[in-house]
Amino acid sequence: MRAHVPRFRLEPRTQRRLSQVLLSLAAAIVVLFVLDIPKLIDEMPRVLVSRLMSRPVSGDIVLVTTDREVGKKDSVAEREAAAIAALDRMNPKLIVFEGRFPEDDPGIPALRNAIRQATARVVVAWPAIAGQITADKPQTNISAQETLSFSRNAYLPVDGEAVDANRTSLTGFVFEAADHFTTNDGTLPTLGVALVSEDAIPDAPYPIDFRFMPSSIPTVTLSSIERNEVDPTTIEGKRIVIAVPRNGNSALIITPRTKSMPSAMVGIIAAETLMSRSLLKVDWYYPFAAFGIMLLAAASLSKQPRRFAYFLIVVASLAAPFVAAEFDRLLPTGMVYTLLAIYAAIRIRSNWRERAAGIDAVSGLANFHTLQEDFAKSTGRLVVAKVENFEEILASLEPSLHGSFIQQISQRLAVGSDTRIYTDSTGHFAWFDEMEHAKSHITGLLALAGAPLRVGERTLDFSCAFGILDNEITKPRQAISATIVAAETALKRASRMALVSEQGGSDTDWQLSLHSSLDHAIAHQHIYLLFQPQCLLESGHVVGAEALVRWKHPQRGEISPSEFIPFIEKAGRLKPLTAHTLRLAARSANVALNAGARISVNISATLLAEHDFIALICDNVAAGGGRPQAITIEITETAKIEDFRTAARNLEILQANGFHVSLDDFGTGEANLSLLVGLPCDEIKIDRSFVTLAQHNERARIVIRALNDTARKAGMRLVAEGIETETEQDLLLSLGCVIGQGFLYGRPMRISELLSMLDAGENCEPRKLTLY
């Protein structure tokens, strides 16, 4: 025999968390390319790294300031000419000076002369005056009309020219530099590149390492050089930058280290970055992928390890830029923070929805969804109380009093203890109790439950029956369902108490399976819809379809509605099934309506007078993406309408919202003329028994003909059900019927087959206005 190898399976919550991580990854990428937000986030770590991890410069570049002495009025060009002449005598490797002087500067001839006589290589850095490049508009994207221009205020006999321009971010900070700029006079290197000459020319924009401290840059003044106060070895073999006087045309730049750094210093720090290769940029997708994998791994862990892993990921993301900087790497973490922020937002919303899903909206008490989660952590035995005639009592109260009624019941059941009470929407209340105390506790509760409740201005009598879980059932859903069945059994006993261990027989087993399987079946699409077409008798053109619920059970196979719907109704689980049916039908209804057909959905008349009936219909149709105009509400089991006035008012509201209303099985049971007059209807459906009887009964034929005339005069449609032969179809045609439903036109089918019939009908005959 082949050994059974269990398959690795993830819990639904783990699968949901993993899908949320993947969604966050995709959303972060969209944010990067659409909004550039991660690039803005990247700026904060850059600022912190620059200010907290300072380092000295190499000292190979010397800054010479040309500030004027008090009383002197020589021009910028004159000061720079004097500096070049004085520095050249000290044998520097390179002299770069700022060309920030006016074109009418009287010192330009002296400057030309000093450059001609210099033996060292001399380069001028002209200031850019237009078309400043920003991070969101890189050099490669600039058109011919947007090229930089610069202020060449004099033609000088220099060995080279550069542009003193900077790449600014969206916030105005300078974080990186370009290797060159295309100007109106061709391509020129930037100041930083001009300083390093051929030593380390980059081939793309590069980050500037603002960890270099401006205060560590060797700085001398022109005045001190002229007074021979500077040791020649300070200048010999060095790269020199001559800055314009501070009261001249000097430019101040916003950098991560300071908001007003002279442009010459920015150029020096850029050159130091190139020479030391101190800050190599890492592509954004490496940290993004690494943290994405870590997040996926963390999401797959159990609760406590997962929370600790999340904490470690956040700490690691905050520390990563600083650790990378220690290894001279620039790690862009903006995408990482964007990913974590999006994932956190998704998780917060998901947790909020899960908490909301665990609370009964009417009373604020924990519901049975929370009960399932708490079952494994409980120490006592599960007890379920069933309030007799719960739905009837609620229907008699104003909706605003429902919460108070449920809370008073929970307070009475928890009297004398701090027990947490759980409730569902069908009159079941649950809690955990120690087995040795449970029976005596419940005996006391039985006496207490007999006392009336004061709700608003009314005094209400109520009674409870109790089910106790007295054996080991490890699965929460099955345990809860078994205890509910015991409580339902207790309603029939004088003792009003029943143990789960006392239950037996196939009927109880099926109820247990039903209780534990219904939610699972809805979630996994085991409960689905088939559609039976409704056609024009004369042409066979499809004008509608009735949605019929089916259940394909994993163990029992296909289950007939007659087998499970009565149990669902008895167990008080009709609302979840109805909600699921409405959502499924709504998904198909829009497509069918576009082809000229409406979808009819069966709704039990027991729900018509419920306080939340309108919300049940409208919210679930909307959740399925449907439109009211595409749905017909088909009322069944009309004998069970207890509050006729409320039922009629609710149906009128549905009609006002665009729904059509159909009265099913007319002519049988309680579906009679009084309902036709009292309930607002757009359609009546005559039962199969009428169709069969009309074959050989003249009175039946007279009734059908009269009913058809009445419906037409009242502005309603008449649909004949159960047509199986052409003979029946011809008879109904002769009686004035227009629309029919039955095996003659098609058995219940998938929506794809129904749509194929609709398409075939459109192709066979021109589209025409139907009775729908």
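As the structure is a prediction and not an experimental result, all values here were calculated from the model.

Peer 1: Got a sec to walk through the nonpolar core? Specific residues and values, please.
Peer 2: In terms of nonpolar packing, the biggest core is built from 75 residues, with Ile-599, Ile-603 and Ile-633 touching the most fellow members. If one sorts the elements of this core by residue count, helix 18 (residues 574-594) sits on top with nine residues. Once residues lying within four places of it in the same chain are set aside, the contact partners of Ile-633 are Leu-582, Val-601, Ile-603, Ile-617, Leu-654, Phe-659, His-660, Val-661 and Ser-662. Core analysis: the second largest hydrophobic core is formed by 39 residues, Ala-77, Ala-114, Val-122 and Val-163 among them.

Peer 1: Would you mind going over the packing of aromatic side chains in detail, with residue names and values included?
Peer 2: Tallied over the entire structure, the rule returns 11 aromatic pairs. Ring geometry for Trp-284 against Phe-288: centres 5.6 Å apart, planes inclined by 55°, an arrangement best described as tilted. Here a set of aromatic residues connected by ring pairs shows up, and it is made of Trp-284, Tyr-285, Tyr-286 and Phe-288. Positioned over the ring face of Phe-743 is Arg-747, at 4.0 Å from the centre of the ring.

Peer 1: So what about the pattern of salt bridges? Which residues, and what values?
Peer 2: Under the definition given, this model contains 23 salt bridges. Across the salt bridge formed by Arg-227 and Glu-229, the nearest N and O atoms sit 2.9 Å from each other. Look at Arg-227 and you get partly exposed, because its relative accessible area is 46%. Here Asp-709 ties to Arg-712 by a salt bridge, and the two come within 2.7 Å at their closest N and O atoms. With a gap of three residues between them, Asp-709 and Arg-712 both fall in helix 23 (residues 698-713), about one helical turn apart. The exposure class of Asp-709 is partly exposed, given its relative accessible area of 27%.

Peer 1: Give me the environment of Arg-412: which residues, what numbers.
Peer 2: Among the secondary structure elements, Arg-412 is positioned in helix 13 (residues 399-413). What makes Arg-412 buried here is its relative accessible area of 17%. Separated by 39 residues in the primary sequence, Arg-412 and Ala-451 have C-alpha atoms spaced 9.9 Å apart.

Peer 1: Quick rundown of the packing of helix 11 (residues 368-375) against helix 15 (residues 476-490)? Include the residues and the values.
Peer 2: It is at 9 Å that the axes of helix 11 and helix 15 come closest, and there the two elements cross at 120°. With respect to helix 15, the element helix 11 is oriented oblique. Along this stretch, helix 11 crosses helix 15, giving a crossing that reads as right-handed. Mapping the contact onto sequence places Phe-368, Leu-371, Gln-372 and Phe-375 in helix 11 and Pro-476, Arg-477, Ala-479, Ile-480 and Ile-484 in helix 15. Across the contact of helix 11 with helix 15, the residue classes tally to seven nonpolar, one polar and one charged.

Peer 1: Describe the packing of helix 2 (residues 37-52) against helix 10 (residues 334-357), naming the residues involved and giving the relevant values.
Peer 2: For the pair helix 2 and helix 10, the least separation of the axes is 7 Å and the interaxial angle reads 110°. One way to sum up the angle between helix 2 and helix 10 is to call them roughly perpendicular. In the crossing of helix 2 with helix 10, the sense of the turn from one axis to the other is right-handed. Where helix 2 abuts helix 10, its residues Pro-38, Ile-41, Asp-42 and Pro-45 lie against Gly-334, Met-335, Tyr-337 and Thr-338. Per-class residue counts for the contact of helix 2 with helix 10 are five nonpolar, two polar and one charged.

Peer 1: Which residues make up the environment of Asp-759, and what values do they have?
Peer 2: Residue placement: Asp-759 occurs in helix 25 (residues 751-764). On the accessibility criterion, Asp-759 (42% relative accessible area) is partly exposed. Separated by 167 residues in sequence, Asp-759 and Ala-592 have C-alpha atoms that sit 10.0 Å apart.

Peer 1: So, empty space enclosed by the protein: which residues are in play, and what are the values?
Peer 2: This structure, assessed with the given rule, holds two cavities of 30 Å³ or more. Reported here for the largest cavity is a volume of approximately 80 Å³. Lining the largest cavity are 13 residues, and of these Ala-165, Asn-166, Leu-191, Gly-192 and Gly-267 lie nearest its centre. Put simply, the parts of the chain that give the lining of the largest cavity at least two residues each are helix 5 (191-196) and helix 7 (263-276). Counting residues per element, the lining of the largest cavity draws most heavily on helix 7, which supplies four residues. Tallied by class, the residues present in the lining of the largest cavity amount to seven nonpolar, five polar and one charged.

Peer 1: Lay out the sheet that holds strand 23 (residues 464-468) with the relevant residues and their values.
Peer 2: On the basis of which strands lie adjacent, the open sheet formed by six strands has the order 17-19-20-18-23-24 and mixed pairing. Edge positions in the sheet fall to strand 17 (366-367) and strand 24 (497-499), since each of these pairs with one other strand and no more. Pairing of strand 23 with strand 24, which is carried by three bridges, proceeds in the parallel orientation. When the bridges of strand 24 are listed, Phe-466 appears paired with Met-497. Sheet strands in contact with helix 13 are strand 18 (381-387), strand 19 (422-423), strand 20 (428-433) and strand 23, and its direction is about 25° off that of strand 20.

Peer 1: So, the sheet that holds strand 6 (residues 167-168): which residues are in play, and what are the values?
Peer 2: With antiparallel pairing, three strands are arranged side by side in an open sheet as 6-7-10. If you trace the sheet from one side to the other, it starts and ends with strand 6 and strand 10 (206-207), each paired once. Alignment of strand 7 (residues 174-177) against strand 10, held across two bridges, turns out to be antiparallel. When the bridges of strand 10 are listed, Ala-177 appears paired with Tyr-206.

Peer 1: Pulling in residues and values, what's your account of helix 10?
Peer 2: When the terminal C-alpha atoms of helix 10 are compared, their 34 Å separation across 24 residues agrees well with the 34 Å that a helix rising 1.5 Å per residue should span. For helix 10, the set of buried residues is Gly-334, Met-335, Val-336, Tyr-337, Thr-338, Leu-339, Leu-340, Ile-342, Tyr-343, Ile-346, Arg-347 and Ser-350.

Peer 1: Report on the pairing of strand 31 (residues 683-686), specifying residues and quantitative values.
Peer 2: With burial as the criterion, each face of strand 31 is covered, one bearing Glu-683 and Lys-685 and the other bearing Ile-684 and Ile-686. As judged from the three bridges shared by strand 30 (residues 660-666) and strand 31, these two strands associate in the parallel manner. Counted as the bridge partner of Leu-663 is Ile-684 from strand 31. Bridge analysis of strand 31 against strand 32 (residues 717-720) gives four bridges, and the strand direction is parallel. Of the residues in strand 32, the one forming a bridge with Ile-686 is Ala-720.

Calculation notes
- Residues numbered from 1 in each chain as written.
- Predicted model: local features only at pLDDT ≥ 70, side-chain atom pairs only at ≥ 80, totals over all residues.
- Heavy atoms only, no water.
- Core = buried A, V, L, I, M, F, W, Y, C linked by side-chain atoms within 4.5 Å.
- Buried < 20%, exposed > 50% of the residue type's maximum accessible area, 1.4 Å probe, protein only.
- Helix = DSSP H or I, 4+ residues; strand = E, 2+ residues; numbered from the N terminus.
- Contact = heavy atoms within 4.5 Å.
- Phe/Tyr/Trp six-rings, centres within 6.5 Å; stacked < 30°, edge-to-face > 60°.
- Lys NZ or Arg CZ within 6 Å of the ring centre and 35° of its normal.
- Salt bridge = Lys/Arg side-chain N within 4 Å of Asp/Glu carboxyl O.
- Axes fitted to C-alpha atoms, helices over the stretch in contact; angles between N-to-C directions.
- Parallel < 35°, antiparallel > 145°, perpendicular 65-115°, else oblique.
- Left-handed = near helix turned anticlockwise from the far one by under 90°.
- Nonpolar A, V, L, I, M, F, W, Y, C, P; charged D, E, K, R; others polar.
- 1 Å grid on protein atoms, 1.4 Å probe; cavity = no way out; pocket = protein on both sides within 12 Å on 5 of 7 lines; lining within 4 Å.
- Points joined across faces, edges and corners; volume = space filled by probe spheres on them.
- Pairing = 2+ DSSP bridges.
- Expected span 1.5 Å × (residues − 1).

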